[in-house]
Amino acid sequence: MQIIYTDFLSIGSGLAGERVAIEAAQAGFDAICLSLVPPRRSHSSAAQGGMQASLGNCIKGEGDCPDVHFLDTVKGSDWGCDQEVARMFADTAPVAIRQMAHWGVPWNRVVPGKSFYFKGGEKLEKEEKKECEGLITARDFGGTAKWRACYCSDGAGHAMLYTLDNVAIQSGVKAHDRVEALSLIHDGEKCMGAVVRCLKTGELRAYLAKATLIATGGFGRIYRASTNAIINEGGGLIIALDTGIVPLGNMEAVQFHPTGIVPTDILVTEGCRGDGGTLLDVNQERFMHVYEPEKAELASRDVVSRRMTEHIRKGLGVKSPYGEHLWLDIRHLGEKHITTKLREVYEICKNFLGIDPITELIPVRPTQHYSMGGVRTNKDGAAYGLKGLFSAGEACCWDMHGFNRLGGNSLAETVVAGMIVGKKVVEFLQGNETNFDTGVVNSALNKQKERVDNLISGEGTEEVYAVRDAMQDVLMDYVGIFRNEKDLTLAVDQLKEIHKRANNIKLQSNGLGANPEMALALRLPGMVRLALCVAYGALERKESRGSHAREDYPERNDRDWLVRTLAYWKEGQELPELKYEPATQVVEIPPGDRGYGGGKIISAETKEA
Ligand SMILES: Cc1cc2nc3c(=O)[nH]c(=O)nc-3n(C[C@H](O)[C@H](O)[C@H](O)COP(=O)(O)OP(=O)(O)OC[C@H]3O[C@@H](n4cnc5c(N)ncnc54)[C@H](O)[C@@H]3O)c2cc1C
């Protein structure tokens, strides 16, 4: 079996993985990024809307600064985030965006003069200043006090990833694509790299590294309906959890985006509502301003998704063969706006729905979108439990998002974390020599070889796609936007059974070579473990916070639940072990009202009855 040595190994070649790798390579270290697909096909490329950074260049962003961005982020998180991390993030985002501009990202710029914009369906006028001409501009994006989402037409992620990939190539970062990390190599104290399977040949390799980063993005595809790419199946989280030592943070914090289109679940960007798009019900009437007088369609995603679900439950949804939905109306924005600033939305509607959003309504419903939970790290991006293991991006619970990530904050997180965690990785590499223990490496390789051989020898009875579908349906039905004890208990019980089935797969194919069935069979038991971390974490968290809405515990409970869930999985267990830590050590802004959502709060000072 092939053994490949490097200083730095990133498992993942999206924005976060490549940005950290650039820091390592530019400091003179050998850096390799692994990816399931060519790096530019990573999910980051699908981000349409924008990246938050408090530049304050455009007129509607005037007066913006990191303090305001920080406040928006903490409120958005429903006080679930680590405030020290959110502060570093808000302070660094303006630097990160300027660096991306310097590297070549074609951000849209301020054009002086008068122009129109829409708020809640109403047409308003603004005038950009002459002295700001040519500076990076921004658009309105859910839940923020100022216009701060910098954008490249509607392909921010695409422009950022292509630019970053160029810089990575120039810096000497090597990309190894069409490979999948199956497990981490570690001795219980330090991480030495990963066992990796080539998706073209099926061959196993060991990548031995002094520092390893998990940057595998979100795990949305454990749900049936998700805006995530089909490669977002949580590979990095699975291998961290499987160490038994590295915990996952806040796995129950799953974000649903208000505007997935029906029935394909492709996202149409928040920029639609930011630019003035409205949500309509079966009677083609606006409703969001009734629930949320202040922010209306622009309240944070968890709030809008819940209000939409409530409205559908009142019988005001539009019936369709694919279930009930609501309408997104952008017709009033006009042809020029839609075919330029929202061009991708225009094309998605034309190509996938066969409708023209300039004249027709878009069918939308809340759809799984973002994973706030992930590999728990400290503020330097170092994973809990194993020396030499780091994590960044959506795969990580760094934790600046708490229980709800603000639109535009996650593209920003990838490059900001890339800068901050990248520097810490470099410091680590400069201060450490690692010995690779051949016994540990061989035993990690053999363990994966045994799994492959067992699947090929065909002792099991279950069909892999059927088991995957069963898992996705349980999450969709019982661990969605509104949750309660009965449903979550059912979910946990059913997922325990599904976990047994996932460990008893019979392949329909021979399992050799480039074989997607084998790849899923190897990944699936881990995916079900992630699903159990989500469902069990949600069952045990007896409060409502951000995207975690318990019908039986509707209050946000700062007295008992101002904590982060840590999920550990010891080999052979049928459920994760949950521990808790304070949500934040530094409190710059004490818990208070978010200003939208209207939920009740049990304050930290309240005594138990
Ligand atoms: C449709 C959509 C639109 C979005 N729009 C916005 C937006 O406008 N603004 C915003 O801020 N955020 C947006 N987001 C969120 C944002 O795009 C992501 O959070 C971010 O891009 C994640 O970047 P990443 O580098 O962490 O992961 P990714 O870009 O997902 O990269 C993950 C990498 O890991 C690799 N990988 C995965 N598993 C393995 C494995 N086992 N072994 C080896 N490699 C592996 C993949 O191949 C890939 O290279 C959007 C998300 C979606 C779903």
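These figures come from a predicted structure and were not determined experimentally.

**Student:** Explain the sheet that holds strand 13 (residues 278-280) residue by residue, including any values.
**Tutor:** Spatially, 12-15-14-13 is the arrangement adopted by the four strands of the open sheet, whose pairing is antiparallel. For this open sheet the edge positions go to strand 12 (254-261) and strand 13, each flanked by a neighbour on one side alone. The mean inter-strand angle of the sheet, taken between neighbouring strand axes irrespective of direction, is 45 degrees. Direction of pairing for strand 13 relative to strand 14 (residues 326-329): antiparallel, over a ladder of three bridges.

**Student:** Can you lay out helix 12 (residues 438-457) for me, pointing to particular residues and giving the numbers?
**Tutor:** An ideal rise of 1.5 Å per residue puts 28 Å on 20 residues; helix 12 measures up with 28 Å between its terminal C-alpha atoms. Within helix 12 the residues assigned to the buried category are V440, V441, A444, L445, Q448, V452 and L455. Angular distribution of buried residues about the axis of helix 12 spans 135 degrees; they occupy a single face of the element. Seen from the buried face of helix 12, the exposed residues on the opposite side, beyond 90 degrees, are T438 and E450. Those residues of helix 12 that are buried are in contact with strand 1 (2-11), strand 8 (179-186), strand 9 (191-198), strand 10 (204-214) and helix 15 (516-540). The residue sitting at the N-terminus of helix 12 and contributing the capping side-chain oxygen is D437; that oxygen lies 2.9 Å from the backbone nitrogen of G439. Where helix 12 terminates, the next one or two residues include G458, which has phi positive at roughly 70 degrees.

**Student:** Let's hear about the side chain of S410: which residues, and what values?
**Tutor:** Tracing the sequence through the fold places S410 in helix 11 (residues 409-430). At a separation of 3.4 Å, a polar atom in the side chain of S410 contacts the side chain of R405.

**Student:** Go over the site of the ligand with me, naming the residues and quoting the values.
**Tutor:** In the region of the ligand, 39 residues are neighbours, and S42, H43, S44, E394 and L411 sit closest. One of the backbone nitrogen or oxygen atoms of A16 is found 2.9 Å away from an oxygen atom of the ligand. Between the ligand and G49, the relevant distance is 2.8 Å, taken from an oxygen atom to a main-chain nitrogen or oxygen of the residue. The fraction of the free accessible surface of the ligand (1,000 Å²) that becomes covered by protein chains is 98%. A total of four residues in the shell around the ligand trace back to one element, the largest contributor, which is helix 11. For the shell around the ligand, the class distribution of residues is 14 nonpolar, 22 polar and three charged.

**Student:** I'd like a rundown of the packing of aromatic side chains, residues and numbers included.
**Tutor:** On inspection of all chains with the given rule, the structure shows six aromatic pairs. For the ring pair Y223 and F256, a centre distance of 5.7 Å and an interplane angle of 90 degrees mean the geometry is edge-to-face. Here the residue Y223 occupies a position in the loop between strand 10 and helix 5 (235-241), and F256 occupies one in strand 12, the gap between them amounting to 33 residues. A single burial state applies to Y223 and to F256, both of which are buried. Considering the side-chain rings of F390 and F428, the 5.6 Å spacing of their centres and the 75 degrees angle between planes classify their relative orientation as edge-to-face. Within this pair, whereas F390 is found in strand 17 (residues 389-391), its partner F428 is found in helix 11, the two being separated by 38 residues in sequence. Its relative accessible area of 4% is what places F390 among the buried residues.

**Student:** Please give an account of empty space enclosed by the protein that cites residues and values.
**Tutor:** Counted under the stated rule, the structure contains two cavities of 30 Å³ or more. For the largest cavity, the calculated volume is near 50 Å³. Forming the walls of the largest cavity are V254, F256, D302, S305, R306, G480, I481 and S547. Elements represented by at least two residues in the lining of the largest cavity include exactly strand 12 and helix 8 (301-316). Ranked by residues supplied to the lining of the largest cavity, first place goes to helix 8 with three residues. Of the residues in the lining of the largest cavity, the class split is three nonpolar, three polar and two charged. Empty space within the second largest cavity amounts to approximately 40 Å³. In this structure, the second largest cavity is lined by A53, L55, G56, N57, C58, I136, T137, A138, W147, R148 and C150. Taken together, the residues that form the lining of the second largest cavity break down as seven nonpolar, three polar and one charged.

**Student:** Explain the pairing of strand 15 (residues 362-371) residue by residue, including any values.
**Tutor:** Along strand 15, 10 of the 10 residues are buried, which leaves the element largely enclosed by surrounding structure. Looking at chain direction, strand 14 and strand 15 are connected through three bridges and run antiparallel. Paired with W327 across the two strands is P363, which belongs to strand 15.

**Student:** Break down the pattern of salt bridges for me, with residues and values.
**Tutor:** The full count for this structure, using the stated rule, is 56 salt bridges. Residue R87 pairs with D67 through a salt bridge whose shortest N-O separation is 2.8 Å. Placement of R87 in helix 3 (residues 83-103) and of D67 in helix 2 (residues 66-76) is noted, with a sequence separation of 20 residues between them. Exposure remark for D67: the relative accessible area of 45% places this residue in the partly exposed category. For D72, the salt bridge identified is with R148, shortest N-O distance 2.9 Å. Residue D72 is located in helix 2, and its partner R148 is located in the loop between strand 5 (122-128) and strand 6 (149-150); the two are separated by 76 residues in the primary sequence. D72 gets classed as buried once you look at its relative accessible area, which sits at 7%. Several salt bridges share partner residues, and in doing so they unite D78, E252, D302, R306, R541, E543, R545, R556, D558 and R594 into one network.

**Student:** Describe the nonpolar core, and please don't skip the residues or the numbers.
**Tutor:** Counting residues in each nonpolar core, the largest one holds 82 residues, and the members touching the most others are I185, I222, M471, V479, L495 and L524. Per element, the largest residue contribution to this core is 16 residues, and it comes from helix 15. Discounting chain neighbours no more than four positions away, the residues touching I222 are M471, Q472, L475, M527, L530, A531 and V534. A90, W107, C132 and A211 belong to the second largest nonpolar core, which has 66 residues in total.

**Student:** Before we move on, can you summarise the packing of helix 12 against helix 15 with the specific residues and values?
**Tutor:** Axis separation between helix 12 and helix 15 bottoms out at 11 Å; the angle between their running directions is 120 degrees. When the axis of helix 12 is compared with that of helix 15, the two are oblique. In the crossing of helix 12 with helix 15, the sense of the turn from one axis to the other is right-handed. Only M518, A521, L522 and P525 of helix 15 make contact with helix 12, whose side of the interface consists of R451, V452, L455 and I456. Class assignment of the residues belonging to the contact of helix 12 with helix 15 gives a composition of seven nonpolar, no polar and one charged.

Parameters at a glance
Residues numbered from 1 in each chain as written. Predicted model: local features only at pLDDT ≥ 70, side-chain atom pairs only at ≥ 80, totals over all residues. Heavy atoms only, no water. Pairing = 2+ DSSP bridges. Helix = DSSP H or I, 4+ residues; strand = E, 2+ residues; numbered from the N terminus. Axes fitted to C-alpha atoms, helices over the stretch in contact; angles between N-to-C directions. Expected span 1.5 Å × (residues − 1). Buried < 20%, exposed > 50% of the residue type's maximum accessible area, 1.4 Å probe, protein only. Arc of directions from axis to C-beta. Contact = heavy atoms within 4.5 Å. Polar contact = N/O pair within 3.5 Å; in protein donor to acceptor, adjacent residues only side chain to side chain. Near = heavy atom within 4 Å. Areas by Shrake-Rupley, 256 points an atom, 1.4 Å probe, with all protein chains shown as cover. Nonpolar A, V, L, I, M, F, W, Y, C, P; charged D, E, K, R; others polar. Phe/Tyr/Trp six-rings, centres within 6.5 Å; stacked < 30°, edge-to-face > 60°. 1 Å grid on protein atoms, 1.4 Å probe; cavity = no way out; pocket = protein on both sides within 12 Å on 5 of 7 lines; lining within 4 Å. Points joined across faces, edges and corners; volume = space filled by probe spheres on them. Salt bridge = Lys/Arg side-chain N within 4 Å of Asp/Glu carboxyl O. Core = buried A, V, L, I, M, F, W, Y, C linked by side-chain atoms within 4.5 Å. Parallel < 35°, antiparallel > 145°, perpendicular 65-115°, else oblique. Left-handed = near helix turned anticlockwise from the far one by under 90°.

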